[in-house]
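# Fold and contact review
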Amino acid sequence: MIHLTINGKAIEAPDGVTILEAARLYNIGIPSLCHLKDIHPYGSCRICVVEVEGMKNLAASCIVKAKEGMVVHTHSSKVRAARKVLYELLLSDHPKDCLNCTRNQNCELQELGYTLGVTESRLSGEMSPAKVDVSPSITRDTSKCVLCRRCVTVCNRIQEVGAIGAQNRGFATVVSPAMGLPLDSTACAMCGQCTVVCPTGALTETDGLSKVWAALENPVKRVVVQVAPAVRAALGEEFGLPAGTLVTGKMASALHEIGFDDVFDTDFAADLTIIEEGTELLGRLSAALTGGEAALPMLTSCSPGWIKHIEHKYPAQLGHLSSCKSPHTMLGALVKSFYAEKIGRKPEEMFVVSVMPCTAKKYEIQRPEMGQNGIPDVDAVLTTRELARMIKASGIDFLNLPEGGFDRPLGLSTGAADIFGVTGGVMEAALRTVYELVTGRELPFDGLHVTPIVGLEQVKTASLTIEGALPDFAHLEGVTVRIAVTSGLAGADILMDQIAAGKSPYHFVEVMGCPGGCINGGGQPRPKEEGCREKRAAALYREDEGKPMRKSHENPDITALYEEYLGAANGHLAHELLHTHYVPRGLYNQLVR
Ligand code: FES
């Protein structure tokens with residue numbers, strides 16, 4: 001421990017921390033902009049400068065280490081004056097269109113101006129040229145970039161994709177894909193993690209709201225909405241509720257109030273995914289054990305960012321992916337077939353909106369594979385943040401809404417579906433069903449949770465030996481099934497490199513594209529408190545534990561769907577509607593505009 005003085009207060013802090021970290025231990029606020037706790041100590045904006053006695057220049061507190069005996073002043077007149085000038089310099093090259101910016105009232109730069117007490121902009125001069133790059137998922141507006149490079153760190157160091165970086169020098173510096181290419185011509189996974197950390201409106205999700213408002217006003221359209229599991233554990237944060245507050249009922253009520261004709265639950269399709277994917281896994285395991293051909297490990301395919309990543313980086317390994325579509329596109333396909341037939345409407349009259357924690361799903365719905373006869377399975381994707389804006393724009397008093405529910409026949413779900421939103425959840429949900437189908441007994445883990453794969457570590461592994469297999473699965477008796485779970489694309493690369501080298505010991509691997517899974521997706525609210533991911537994950541496990549049914553195969557509406565419409569799991573119609581194929585891609589797409 002070291003001892004220093006900040007603003008006259010004696011401070012004790014662990015050796016090695018920065019001045020900013022030491023101050024925050026004692027709730028002494030120092031404004032910052034480019035800094036991102038534990039991830040990005042970059043020191044580019046200098047907003048966090050403080051005065052250290054004996055030092056000639058002001059010190060950037062986010063990168064200068066606290067030292068024994070230091071005497072620091074965080075808000076002296078010299079410091080406050082310097083911060084104001086630094087802020088005004090940033091502002092001198094920033095558009096003044098806050099009123100019509102999507103980050104209005106939710107912008108760190110704007111908030112900083114208020115905190116610093118900047119009431120005028122005294123500096124003006126040449127402005128950086130604006131370049132707006134609209135990809136299916138992410139919109140980049142370089143004029144709003146403050147060059148903090150948080151996005152660069154997240155893309156290069158956390159996700160290890162490396163789609164963007166700082167280009168050029170000096171005043172011409174711009175954060176961009178190489179050679180100024182548009183984002184959708186690169187290997188960007190469209191995960192949207194950059195939009196979560198961007199402090200301004202430079203990186204945002206591409207608008208999905210305009211299409212949805214237009215559909216709601218079109219009398220010909222039957223507008224159906226569905227909501228992914230992770231949304232219910234985070235939407236409340238946009239209305240001031242603490243992270244981890246479940247708002248499932250209020251969210252369903254809000255969607256009915258907005259005017260959607262049917263409010264379905266992507267959880268239903270998560271249960272369906274388990275039946276389809278579990279059947280596929282059993283098929284591959286059985287084939288491999290009886291001398292047949294089967295690509296193992298089988299890889300989960302729910303996360304479109306992960307799918308785009310493997311298509312770019314490991315095109316030779318696409319055969320390992322499950323052929324299951326992601327749950328929301330499965331549900332979209334059912335709305336435009338099974339449900340449209342049921343209510344006497346044509347597929348083209350149905351308009352499906354998916355509310356997702358994810359930006360990559362905006363890209364996914366444009367894939368030609370995700371539809372039937374030229375009609376897309378899903379017509380629009382809104383992020384959790386966009387849904388919050390829609391609720392506010394509708395004048396709905398969200399916090400005082402009654403607890404509503406989802407509509408049938410595509411709205412009933414089990415607890416297994418809820419945990420699809422957190423890393424390890426798809427694997428656990430699959431094991432709950434597959435183990436019981438094979439042995440006739442429940443998964444032998446306390447509370448049905450496969451403990452070794454619960455948690456937010458980058459790679460988690462477990463194994464499970466099948467004992468007492470039912471006669472139909474006698475060939476699996478004594479087999480030890482080895483599984484691995486990872487979230488974030490850097491973790492995926494670790495497991496993929498093993499597979500590509502022919503050294504993977506696993507049978508089944510779950511990959512979610514965002515670190516921590518969908519709870520931390522690129523379309524989720526920007527975290528305002530510590531431990532946000534953990535709190536959202538705990539909320540989904542609570543939702544699971546509170547449900548009367550916790551295994552996908554127990555969902556009676558899924559059973560009815562197979563009996564009434566689909567026929568057998570992995571059967572002909574199920575394949576036509578619920579399964580897909582993948583496209584090998586290079587590091588750059590051919591489409592270069
Ligand atoms: Fe310290 Fe930007 S926050 S330099």
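What you are looking at is a predicted structure, and each value in this text was computed from that prediction instead of being measured.

Reading the values: rules and limits
- Residues numbered from 1 in each chain as written.
- Predicted model: local features only at pLDDT ≥ 70, side-chain atom pairs only at ≥ 80, totals over all residues.
- Heavy atoms only, no water.
- Pairing = 2+ DSSP bridges.
- Helix = DSSP H or I, 4+ residues; strand = E, 2+ residues; numbered from the N terminus.
- Axes fitted to C-alpha atoms, helices over the stretch in contact; angles between N-to-C directions.
- Core = buried A, V, L, I, M, F, W, Y, C linked by side-chain atoms within 4.5 Å.
- Buried < 20%, exposed > 50% of the residue type's maximum accessible area, 1.4 Å probe, protein only.
- Contact = heavy atoms within 4.5 Å.
- Polar contact = N/O pair within 3.5 Å; in protein donor to acceptor, adjacent residues only side chain to side chain.
- Parallel < 35°, antiparallel > 145°, perpendicular 65-115°, else oblique.
- Left-handed = near helix turned anticlockwise from the far one by under 90°.
- Nonpolar A, V, L, I, M, F, W, Y, C, P; charged D, E, K, R; others polar.

### Re the sheet that holds strand β17 (residues 380–383)
Strand order in this open sheet of four strands is β12-β11-β14-β17, and the pairing throughout is parallel. Every interior strand has two partners, whereas the edge strands, β12 (262–265) and β17, have only one. Averaged over neighbouring strand pairs, the angle between their axes works out to 25° when direction is ignored. Bridge analysis of strand β14 (residues 350–356) against β17 gives four bridges, and the strand direction is parallel.

### Some thoughts on the nonpolar core
In this structure, L235, F260, L272, L334, V335, I391 and L566 are the most contacted members of the largest nonpolar core, which totals 77 residues. Considering every element that reaches this core, the biggest residue donor is helix α10 (residues 327–342), with eight residues.

### A look at the environment of E12
Positionally, E12 belongs in strand β2 (residues 9–13). Between the C-alpha atoms of E12 and A178, which are 166 residues apart in sequence, the distance is 45 Å. In this structure E12 touches M1, I2, H3 and Y26, once residues within four positions along its chain are discounted. A polar atom in the side chain of E12 sits 3.1 Å from the side chain of H3.

### Considering the packing of helix α9 (residues 304–313) against helix α15 (residues 489–500)
Close contact between α9 and α15 brings their axes to 11 Å; oriented N to C, the two are set at 45°. When the axis of α9 is compared with that of α15, the two are oblique. α9 and α15 meet at a crossing whose hand is right-handed. Judged by residue contacts, W306, H309, I310 and K313 of α9 engage L489, A492, D493 and M496 from α15. Looking at side-chain class alone, the contact of α9 with α15 contains five nonpolar, one polar and two charged residues.

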